[in-house]
Amino acid sequence: MTGSVTLISESPEDPFSLGRAVSVVLDPHGRVTGWSDRAEALLGYSAREALGREVSELLVDPQDEGLVLKPVAACVRDRGWFGVVPVRVKEGRTLGFGVRARLVARDDGGTEWFLVGAPAAEVVQWEIDRAVMDGLFRRSPIGLAVHDTDLSVLRVNRAIARLGGFEAEQARGVRIGDFLVRVDADTVEDRLREVLDTGEPLIFTEQSCRLLAAPAKERFVDVSAFRLEDSTGRVLGVTQLVEDVTERHRARRRLALLSAAGAGIGTTLDVGTTASELAEAAVPGLADCVSVDLLEQVSRGEEPVPDSRGDAVRRTALHSVTSESEQIMLPVGTLTTFAPGTPQARCLSERRPVLERFVDLPKALAGLDRAGAAKQRGVHSLMVVPLTARGLVLGCMSLWRSRLPEPFEEDDLTLAGELAARAAVSIDNARRFTQQRRTALALQRRLMPRELPEHPAILVAHRYLPAGGAAGVGGDWFDVIALSGARVALVIGDVVGHGINAAATMGRLRTAVNTLADLDLEPDEVLSHLDDLVTRLAGEQEHDDEGAPGEQVVGATCLYAVYDPVARACCIARAGHPPPAVVTPDGAVSVPDLPAGPPLGLGGLPFETAELTLPEGSVIALYTNGLVEGEEHDMEAGIARLCTVLGGYGPQQLDEMAEDVLDALLPARPSDDVALLLARTSRLAPELVATWELTAEATAPSKARRLTADQLAKWGLDELVFTTELIVSELVTNAYRYAGGPVTLRLIHHHRLICEVTDPSSTSPHLRRARSTDEGGRGLLLVAQLTERWGTRHAREGKTVWTEQLLPPTPGSPVM
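Please read all numbers here as calculations on a predicted model, not as lab measurements.

Colleague: In this structure, what is going on with the packing of helix α21 (residues 700-715) against helix α22 (residues 721-738)? I would like to understand it.
Modeller: To characterise two packed helices, one gives the angle between the axes of the helices and the distance between these axes. Between α21 and α22, whose axes approach to 9 Å, the crossing angle comes to 150°. Taken together, the axis directions place α21 and α22 in an arrangement best described as roughly antiparallel. Two packed elements cross with a definite hand, and for α21 against α22 that hand is right-handed. In this structure, α21 uses A700, P701, A704, R705, T708, A709 and L712 to contact α22, whose residues at the interface are V721, T724, E725, V728, S729, V732 and T733. Of the residues contributing to the contact of α21 with α22, the split by class is eight nonpolar, four polar and two charged.

Here it is in structure tokens:
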């Protein structure tokens with residue numbers, strides 16, 4: 001051998017450091033000239049036993065001589081060597097040792113081998129530790145920073161240096177504020193200081209930050225921090241792990257925004273509400289201000305035209321993070337046309353998204369005043385995306401940025417497009433529903449009474465509210481029908497279902513009720529005929545035009561009440577409808593116990609009529625189930641609430657009472673349509689009614705004429721004496737001739753002069769055209785010519801023929 005061996009350790013933890021390793025010195029002939037205490041401890045030979053002996057004889061097993069000669073040869077050639085060789089200890093065992101050999105020169109010019117060794121296990125662990133540290137600081141994609149106790153940087157790896165935009169070698173001694181925006185730096189240092197003071201680690205905490213080198217771009221990082229301590233517990237500093245998760249955060253934010261938008265857009269079938277939900281979904285997660293402009297025909301619920309170039313648009317929704325931004329935009333409801341060349345006009349004409357990373361405000365806002373105000377508020381970036389559904393453009397959505405410094409990117413445009421695509425379907429559904437709803441409302445308005453007739457027997461107030469949301473127009477209706485004998489019919493009903501079918505069915509039922517009312521039938525008979533009608537309608541609608549099962553109307557309900565101001569009697573029958581509430585003049589509220597009756601359309605079940613006597617000035621409240629039924633309470637609880645509201649008011653205008661009832665009982669958007677009819681009763685004074693019983697004799701007509709003339713003179717109706725005598729004479733004569741029993745004559749001085757002749761016969765007189773050779777048959781024709789109207793009503797026994805005459809226009813007389 002011609003050299004010597006040596007090793008310089010890199011750190012105290014290095015297993016080859018002189019304090020921890022086996023040190024052996026050899027002369028050029030391979031004899032031991034130096035032997036350390038560590039060598040004596042690990043190899044078993046004392047220095048006295050080892051010095052002067054050849055190392056191959058001392059430490060090498062003859063069987064391993066070839067393994068040792070190879071590294072020795074390499075060492076001679078390369079003047080140094082490192083590796084693991086088998087070493088025989090004094091006990092005879094062979095152990096693997098990591099050995100470093102180096103050739104060194106002595107002061108006298110000679111050379112020696114300096115060998116330093118350590119057990120192989122320690123060497124492998126140290127190499128692993130060194131590789132790990134090398135990986136963390138040189139190749140790890142996760143940023144690593146080590147801070148002193150004053151939070152100045154001791155060392156950073158290449159990943160965090162790339163994130164911060166500086167060289168790793170330049171980081172020593174700097175602070176976080178030297179490469180982060182001040183606000184972000186304070187936040188990060190506060191958290192590191194907390195870890196340093198408490199020892200509680202910070203594990204995967206996500207936070208935003210901005211680099212001083214690129215302050216316009218927001219980044220998101222996952223931060224973990226741990227306090228560093230030595231073996232004695234002395235605090236050395238804090239180490240920080242940083243991972244850039246900006247893309248992951250943005251992807252998560254996009255998914256969250258789309259998820260929230262999916263749940264928040266389209267909750268109602270209202271075009272304006274859906275557009276507002278779209279604007280609110282994009283603020284502030286994507287933009288600082290969003291406006292939604294729909295083609296005018298779309299905002300009205302009409303079908304958009306295929307070519308929308310240059311069409312007027314209506315601002316349907318506007319939402320911003322601040323009210324100041326909204327002040328520079330066109331307000332909701334504004335009808336405008338986008339000038340050619342503006343981003344919105346290009347978006348509508350080309351049907352594609354438009355991205356203006358740095359927007360030309362005067363051109364985009366089409367006004368120097370608004371553009372100047374927008375510039376002062378920091379508006380700098382714009383996206384416009386079309387709202388397209390079923391191949392048609394419905395409008396566009398404009399997204400602006402002012403508070404966020406970074407401009408919109410392509411990813412933002414993609415996200416806005418996805419939002420617009422989802423919302424456009426909901427807007428189109430709402431548009432189509434609006435169109436159908438308006439059609440149903442128009443149909444219902446045509447079928448419902450435009451104005452209820454005034455009647456002296458009652459004073460009425462009414463309200464109808466269509467359901468909010470998807471339910472829309474339903475089949476609720478009400479009516480006030482003048483009957484003979486100064487009586488009046490109050491009707492309210494409800495057809496199961498919503499939409500055009502329910503409104504059309506309601507119209508048929510209302511027409512049927514008016515026809516049946518003209519026949520002066522009892523309430524239970526009216527409902528029986530309605531029940532037959534609904535059964536026939538259900539049979540007609542069992543299948544639609546294409547043979548599929550049709551919508552059924554079984555389940556319609558109705559309440560029919562007849563009020564007589566002469567007797568103050570109210571006869572009521574109901575078919576599955578909620579009972580009325582009655583408020584007496586002293587404020588007492590009651591719900592009469594009336595036979596419920598089955599809903600219309602079940603068939604085969606009877607209806608019953610109940611009679612109530614109402615004090616003058618009583619209010620009877622008729623309503624549909626939408627007023628008293630709700631998600632939070634049943635019908636009984638709702639009726640109790642209605643009674644509480646009605647009982648809490650003294651005498652007041654019926655219109656005010658109706659408004660108070662709706663305000664107290666209904667939510668802002670009722671889930672079912674609601675009909676309410678309030679009627680305050682009046683009484684006909686006894687002196688305005690005259691009744692006589694006439695025996696069935698030949699003198700009955702003359703007696704009737706005389707009684708009639710005297711009574712009309714008392715009432716000051718002398719102008720009507722002659723015609724009324726003719727009418728009474730004809731009616732009493734017919735009763736005497738055909739009925740064969742006592743006759744009752746009644747005159748009523750009401751809004752009209754009413755004449756009634758009642759007899760025990762059930763045969764109705766019929767108007768006919770008499771031939772020239774007939775001796776009779778002209779009496780009823782004469783009656784029809786002299787009266788405003790006439791008719792016959794049947795009772796349980798007998799019938800009543802009645803007539804009505806207009807009163808002369810004298811001062812103080814009642815006017816219809």
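Now, onward.
Colleague: Would you mind showing me how to read the sheet that holds strand β16 (residues 392-401) here?
Modeller: Two pairing modes exist for strands in a sheet, parallel and antiparallel, and in both the strands are linked by backbone hydrogen bonds. Read across the open sheet, the six strands follow the order β13-β12-β11-β16-β15-β14; overall the sheet is antiparallel. Looking at the sheet topology across the chains shown, the edges are occupied by β13 (335-336) and β14 (354-356). Across six bridges, strand β11 (residues 289-295) lies against β16 in antiparallel orientation. Counterpart to C289 in the pairing with β16 is W400. The strands that helix α9 (residues 271-282) touches are β11, β12 (313-320), β15 (381-389) and β16; relative to β12, the one it contacts most, it runs at about 40°. Together, β12, β14, β15 and β16 form the strand contacts of helix α12 (residues 343-350), whose direction differs from that of β16 by roughly 150°.

Colleague: Is there a simple way to explain the state of the cysteines in this structure?
Modeller: Here is the idea: a disulfide is a covalent bond, and it sits between the sulfur atoms of two cysteines. A full pass over the atoms with the stated rule returns zero disulfides. C571 forms no disulfide, and the closest cysteine sulfur to it belongs to C570, at a distance of 7.0 Å.

Colleague: Mind showing me how you'd approach the pattern of salt bridges here?
Modeller: Where charged atoms of side chains with opposite charge meet at close range, the side chains can pair. This structure, assessed with the given rule, holds 34 salt bridges. Here R210 and E406 are joined by a salt bridge, their closest N and O atoms 3.2 Å apart. Highlighted residues: R210 in strand β8 (residues 202-211) and E406 in the loop between β16 and α15 (410-447), separated in sequence by 196 residues. Linked by salt bridges that have partners in common, E296, R300, E302 and R314 make up one network.

Quick notes on the rules
- Residues numbered from 1 in each chain as written.
- Predicted model: local features only at pLDDT ≥ 70, side-chain atom pairs only at ≥ 80, totals over all residues.
- Heavy atoms only, no water.
- Axes fitted to C-alpha atoms, helices over the stretch in contact; angles between N-to-C directions.
- Helix = DSSP H or I, 4+ residues; strand = E, 2+ residues; numbered from the N terminus.
- Parallel < 35°, antiparallel > 145°, perpendicular 65-115°, else oblique.
- Left-handed = near helix turned anticlockwise from the far one by under 90°.
- Contact = heavy atoms within 4.5 Å.
- Nonpolar A, V, L, I, M, F, W, Y, C, P; charged D, E, K, R; others polar.
- Pairing = 2+ DSSP bridges.
- Disulfide = S-S within 2.5 Å.
- Salt bridge = Lys/Arg side-chain N within 4 Å of Asp/Glu carboxyl O.

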